[in-house]
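What follows is the residue order along each chain.
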Amino acid sequence: MPALSTRAPARATLAVMTAAGIEQRDDADAIARGLERFRAVRRSLEEAVLPLATSLDGRRFTFQASLHGLELQLGGYVVIEQGERSEFGQVLDLSLEHASGTELDLPSDDPGSLGLKTGVTLRLARGEGAVIEGDGAPFHDAILRPATAEEVRAWTGRLRRKAVLDVGELALAPGVPCGLDAGGFDRHTFLCGQSGSGKTYSLGVVLERLLLSTGLRIIVLDPNSDFARIASVRDGTDPATADAYRAATASIAVHSAQATGEHRLRIRLGEIGAATQAALLRLDPIADADEHAELTRLLEEGRMPTAEDVEASDRPGARALQQRAHNLGITELGVWAREQPGSTLAALHDESNRGVVVDLGSLPTPEEQSLVAEAVLGELWRRREERRPVLLVIDEAHNVCPAAPENPILALATEHAVRIAAEGRKFGLYMLVSTQRPQKVHENVITQCDNLLLMRLNSAADARFAQSVFSFVPPRLVDQAPAFRLGEALVAGKLSPNPSLLRFGSRISEEGGSDIPATWAGGG
Ligand SMILES: Nc1ncnc2c1ncn2[C@@H]1O[C@H](COP(=O)(O)OP(=O)(O)OP(=O)(O)O)[C@@H](O)[C@H]1O
Ligand SMILES: [Mg+2]
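This text gives an overview of the structure that appears in the document. Bear in mind the structure is a predicted one, so any value in this text is a computation, not a measurement.

### What to know about the overall build of the protein chain
Helix and strand counts for the protein chain come out as 14 helices and 19 strands. The 524 residues of the protein chain split such that 50% are buried. Considering only intrachain contacts with a sequence separation of at least 6, the fraction spanning at least 24 residues in the protein chain is 71%. Summed over its atoms, the accessible surface of the protein chain is roughly 24,500 Å², and 51% of this surface lies on carbon and sulfur atoms.

### Notes on the sheet that holds strand β9 (residues 164–170)
With mixed pairing, the 11 strands of this open sheet are ordered in space as β10-β9-β19-β18-β17-β11-β16-β15-β12-β14-β13. If you trace the sheet from one side to the other, it starts and ends with β10 (177–181) and β13 (252–256), each paired once. Strand-to-strand, the axes of this sheet are offset by a mean angle of 20°, without reference to chain direction. Where strand β17 (residues 451–454) meets strand β18 (residues 488–493), three bridges bridge the pair, whose relative direction is antiparallel. Bridging from a neighbouring strand, leucine 454 pairs with leucine 490 of β18. Sheet strands touched by helix α10 (residues 366–382): β12 (217–221), β14 (355–359), β15 (390–394) and β16 (429–435). Its angle to β12, the strand with the most contacts, is close to 150°.

### Quick notes on the pairing of strand β11 (residues 189–192)
Burial of the side chains of β11 extends over both faces: Thr189 and Leu191 are buried on one face and Phe190 and Cys192 on the other. Here β11 runs beside β16; their pairing, made up of four bridges, is parallel. By the bridge assignment, cysteine 192 is partnered in β16 with threonine 435. Pairing of β11 with β17, which is carried by four bridges, proceeds in the parallel orientation. Across the sheet, the residue bridging to threonine 189 is asparagine 451, located in β17.

### Description of the environment of valine 41
As for its placement among the helices and strands, valine 41 is situated in helix α1 (residues 28–47). Note: C-alpha distance between valine 41 and valine 120 (79 residues apart in sequence) is 9.3 Å.

### Topic: the environment of leucine 377
You can see leucine 377 is positioned in helix α10. For the pair leucine 377 and leucine 412, spaced 35 residues apart in sequence, the C-alpha to C-alpha distance is 9.2 Å. With near-sequence residues (within four places) excluded, leucine 377 lies in contact with Leu221, Leu392, Ile394, Val400, Ala413, His416, Ala417 and Ile420.

### Structural notes on the pattern of salt bridges
Within the structure shown, the criterion is met by 30 salt bridges. In this structure, glutamate 81 and arginine 145 form a salt bridge, with 3.2 Å as the shortest nitrogen-oxygen distance. Pair noted here: glutamate 81 is in strand β5 (residues 77–82) and arginine 145 is in strand β8 (residues 139–146), with a separation of 64 residues, a long-range link. Taking the relative accessible area as the measure of exposure, glutamate 81 reaches 30% and is therefore partly exposed. For arginine 419, the salt bridge is made with glutamate 415, and the minimal N-O distance between the two is 3.6 Å. Of this pair, arginine 419 and glutamate 415 both sit in helix α11 (residues 408–423), four residues apart, which is roughly one turn of that helix. Arginine 419 gets classed as partly exposed once you look at its relative accessible area, which sits at 36%.

Cut-offs used in this document
Residues numbered from 1 in each chain as written. Chains lettered and ligands numbered in written order. Predicted model: local features only at pLDDT ≥ 70, side-chain atom pairs only at ≥ 80, totals over all residues. Heavy atoms only, no water. Helix = DSSP H or I, 4+ residues; strand = E, 2+ residues; numbered from the N terminus. Buried < 20%, exposed > 50% of the residue type's maximum accessible area, 1.4 Å probe, protein only. Contact = heavy atoms within 4.5 Å. Areas by Shrake-Rupley, 256 points an atom, 1.4 Å probe, with all protein chains shown as cover. Pairing = 2+ DSSP bridges. Axes fitted to C-alpha atoms, helices over the stretch in contact; angles between N-to-C directions. Salt bridge = Lys/Arg side-chain N within 4 Å of Asp/Glu carboxyl O.

Structure below.
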């Protein structure tokens, strides 16, 4: 293929066929004119490529279109028309193709010349798509065009869904609301995007809409205190929404280490599972048999051993156990409920709470965060038979159920998360797992997620990983993730019957969190 899109060289020879045979002539001008004509002809041919679609099964279609003034977009919605028929579809693959065409005969200026023969390669758009609404019959050479915003809006209106969460707008049909199917939250959901892509903000949007439009209870493991103010309405929220939201969140309990009274984040040793207690004390039931027995006895009373216990006890394990708990700093942890009644784990089951935010970020050490996260996961799993539907939200999931847990408590937390991911659904335990490091979350949690909310991902390795795990999502749409802007996402799975590109709307509640102020950049 000659370099047709470059300028004509200043000097060149032209092969001209004359009556005496082929002659090589120095004729830069003639070449330039020939190229110009070539380009003009090629452009007209390319412009003449019609946007035509063909489907053999009435469900998937292929198409071609001109690159000149191309309006079709990957993930965008299209109308396919043939005579009276009209189908509604979505573009799921779009690429540039070079199609070799026939040989062109470009007449030369030279009176003796028979002309310049050249093969022309046309550049055009080719793609594939899915028919979303149609009569199911095959079609061939049907005209394809982008759907108007009204047509997209009309289609979303026709979708039969019981409760729609209005979380933003369709990125490729601005102004058309993007509604997530609330019923889709009975599957586990994976929310993934690089740091700063807007995961936590968007997660807040989703949770707010769930609180407003459904009765699903929500439990949030909140490592950065991002949802501590989920019940506080932002200034500027329209009064009707603000009132409805306040009513919906009146019974949200935010448990934080700094709170006093019933909202203090607190657990009881006796409430956490035996394996967690042993892991906390680094006890082996066989090697440390006496201490283990003493622990079991004390735990029946639901407390840590005290100095008085040791004095009063003649059992061999008592002193050793107290010493061990003291040495490990366990007795001093601020997270124990001690004499305060109730606990955060008890609040998880309190039906009068619409939701519980477990403010892990308020705890002083990662060890306490892991302990509480494990306690919550273990508690939900232990009481699974109660079958009370709840959405368990795990933000920064790579720290709660990592692929490679670094200590026994995290290993137990991961084990519980994996169990809930595998079997929780039948008990009404639905997960929403969020991370910026998909490869660092335990694979058995991710692979159980049927819904994907994918935000910007810059790492090619992460994008490949997402593609391999979420093979039900058209790969070319996942490919778009590096180009997403803040707050843009691809949603697929039961939440959205067709994979949609969406732009999240605004929060109703205050963001908690502690973004570091950027005032230092001003030099002052
Ligand atoms: N849709 C949005 N509209 C306006 N601001 C947004 C939107 N989404 C995110 N932001 C802002 O962008 C910043 C980063 O968002 P966010 O904290 O949600 O990112 P993240 O993906 O959770 O990051 P990290 O992985 O570091 O936790 C925040 O200051 C947030 O307020
Ligand atoms: Mg975040």
